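# Coordinates in review
Chain by chain, the residues run as shown.
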Amino acid sequence: MSTGHVELARAQQERWQTAYEQHPHLHGTEPSVAAQWAAGVFGAAGIDDVLELGAGQGRDALFLARQGFSVHATDIIETALDQLRLDAQREGLDDRLTAALHDVRDPLPPADATVNAVFANLLLNMAFSRAELRSLVAEIRRVLRPGGLFVYAVWSSDDGCAAHWQELDDGLARKDGFVGRFFDEALIHDLSDRWRLDDATPYDEGPEPRRMWRVTLARSE
Ligand SMILES: C[S@@+](CC[C@H](N)C(=O)[O-])C[C@H]1O[C@@H](n2cnc3c(N)ncnc32)[C@H](O)[C@@H]1O
């Protein structure tokens, strides 16, 4: 990884830290559209435990726990996880919701083929290089059991605001200090190599609204 990329990643982490310190429910308390989809897909597959990556303050982890799933939520910002733990305790969900600090650029903690489902809303479109994205997706595949499911949601390159972001190297873009990536169909297919691609659906979410992709991958072997 280049020095520039390390600095960029560090600056992004600081921005998240500050944003979460200033807003106890930065992304609101309602579950994302993708989490509601994931609950249906995981439930239909008979799955009752979920590893959530980039969970933030846990609006989706809390929702999934309310639906009866056991959830292990991870994020790179401890302040966000503290809020998640507090809300889980307040709602009496702490028996099926755990949270731990983890940077997804590092190997995932679970052993090979031990996880039934992984969920990540608005994580893969953060400031990751393409190489980091590929290795994260390979890590997720490694920890999933055969037949396990990975549902993720990301910004779409068809979003109207993509044009207003400043282009950076490696397909990343910057606006107001935030760096991220808009996904096109080709990238979704590229990251689906060695997976069964069950679903890739565009949809709109939020008041603006934003154009997103919802993707469901299955570890087929
Ligand atoms: C757009 S927020 C989405 C939060 C949450 N999934 C939601 O929808 O409410 C992106 C999240 O990714 C986390 N994140 C960014 N880089 C990360 C990394 N390298 N490892 C783990 N989490 C990361 C941020 O801290 C932030 O909580």
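Residues numbered from 1 in each chain as written. Predicted model: local features only at pLDDT ≥ 70, side-chain atom pairs only at ≥ 80, totals over all residues. Heavy atoms only, no water.

### Description of the sheet that holds strand β7 (residues 172-175)
- Spatial strand order, β6-β7-β8: three strands in an open sheet with antiparallel pairing. Each edge of the open sheet carries a strand with a single partner, namely β6 (166-167) and β8 (178-181).
- As defined by bridge partners, β7 adjoins β8 across four bridges and the pair is classed as antiparallel. Bridge assignment links Arg 174 to a residue of β8, and that residue is Val 179. (Pairing = 2+ DSSP bridges. Helix = DSSP H or I, 4+ residues; strand = E, 2+ residues; numbered from the N terminus.)

### As for helix α5 (residues 130-143)
- Here α5 spans 20 Å end to end across 14 residues, near enough to the 20 Å set by a 1.5 Å rise per residue.
- Every buried residue of α5 is accounted for by Glu 132, Leu 133, Leu 136, Val 137, Glu 139, Ile 140, Arg 141 and Val 143. (Expected span 1.5 Å × (residues − 1). Buried < 20%, exposed > 50% of the residue type's maximum accessible area, 1.4 Å probe, protein only.)

### Details of the site of the ligand
- With respect to spatial proximity, 20 residues lie near the ligand, and among them Tyr 20, Gly 54, Arg 59, Asp 75 and Asp 103 are the closest.
- Here an oxygen atom of the ligand sits 2.8 Å away from a polar atom, N or O, in the side chain of Arg 59.
- Of the residues that constitute the shell around the ligand, the class distribution is ten nonpolar, five polar and five charged. (Near = heavy atom within 4 Å. Polar contact = N/O pair within 3.5 Å; in protein donor to acceptor, adjacent residues only side chain to side chain. Nonpolar A, V, L, I, M, F, W, Y, C, P; charged D, E, K, R; others polar.)

### Side note on the UniProt feature "domain: Methyltransferase" (unreviewed entry) in the protein chain
- Within the UniProt annotation, "domain: Methyltransferase" (unreviewed entry) is assigned to residues 50-148.
- Summarising residues 50-148: 35% helix, 27% strand, and an end-to-end C-alpha distance of 10 Å. (UniProt positions renumbered as here; feature names shortened; annotations may be inferred.)

### Brief notes about the packing of aromatic side chains
- Within the structure shown, the criterion is met by nine aromatic pairs.
- When the centroid spacing of 5.3 Å and the interplanar angle of 85° are considered together, the rings of Trp 165 and Phe 182 count as edge-to-face. Taken together, the residues Trp 165 in the loop between β5 (144-155) and β6 and Phe 182 in the loop between β8 and α6 (185-191) connect sequence positions 17 residues apart.
- By relative accessible area, which is 10% here, Trp 165 ends up buried.
- With relative accessibility at 13%, the residue Phe 182 sits in the buried group.
- It is Arg 214 that lies over the ring of Trp 37; its NZ or CZ is 3.4 Å from the centre. (Phe/Tyr/Trp six-rings, centres within 6.5 Å; stacked < 30°, edge-to-face > 60°. Lys NZ or Arg CZ within 6 Å of the ring centre and 35° of its normal.)

### Topic: the nonpolar core
- Of all hydrophobic cores here, the largest spans 37 residues; its most connected members are Phe 42, Leu 64, Leu 84, Leu 97 and Phe 119.
- Listed by contribution, the elements that provide at least two residues to this core are α2 (33-44), α3 (59-66), β2 (70-75), α4 (78-90), β3 (97-101), β4 (115-121), β5 and β10 (210-218).
- With six residues, the single largest contributor to this core is α2.
- Those residues in contact with Phe 42 that sit more than four places away from it in its chain are Ile 47, Val 50, Phe 69, Ala 117, Val 118, Phe 119, Leu 149 and Val 151.
- In terms of nonpolar packing, the next biggest core, distinct from the first, is built from 32 residues, Trp 16, Ile 77, Met 126 and Ile 140 among them. (Core = buried A, V, L, I, M, F, W, Y, C linked by side-chain atoms within 4.5 Å. Contact = heavy atoms within 4.5 Å.)

### Structural notes on the packing of α2 against α3
- The geometry of α2 relative to α3 is characterised by a closest axis approach of 10 Å and an angle of 30° between their N-to-C directions. Taken as axis vectors, α2 and α3 run roughly parallel relative to one another. Of the two possible hands of crossing, α2 and α3 adopt the one that is right-handed. Each of Ala 35, Gln 36 and Ala 39 in α2 lies in contact with α3, whose residues at this interface are Asp 60, Phe 63 and Leu 64. (Axes fitted to C-alpha atoms, helices over the stretch in contact; angles between N-to-C directions. Parallel < 35°, antiparallel > 145°, perpendicular 65-115°, else oblique. Left-handed = near helix turned anticlockwise from the far one by under 90°.)

### Here's the deal with the pattern of salt bridges
- Evaluated as defined, the whole model comprises 14 salt bridges.
- Between Arg 105 and Asp 103 there is a salt bridge, with its nearest N and O atoms 2.5 Å apart.
- Among the ionic pairs, Arg 134 bridges to Asp 190, the shortest N-O distance being 3.1 Å. Separated by 56 residues along the polypeptide, Arg 134 in helix α5 and Asp 190 in helix α6 bring together distant segments of the chain.
- In this structure Arg 134 comes out as partly exposed when scored by relative accessible area, which is 40%.
- Connected through salt bridges with shared partners, the residues Glu 78, Asp 82 and Arg 85 form a single ionic network. (Salt bridge = Lys/Arg side-chain N within 4 Å of Asp/Glu carboxyl O.)

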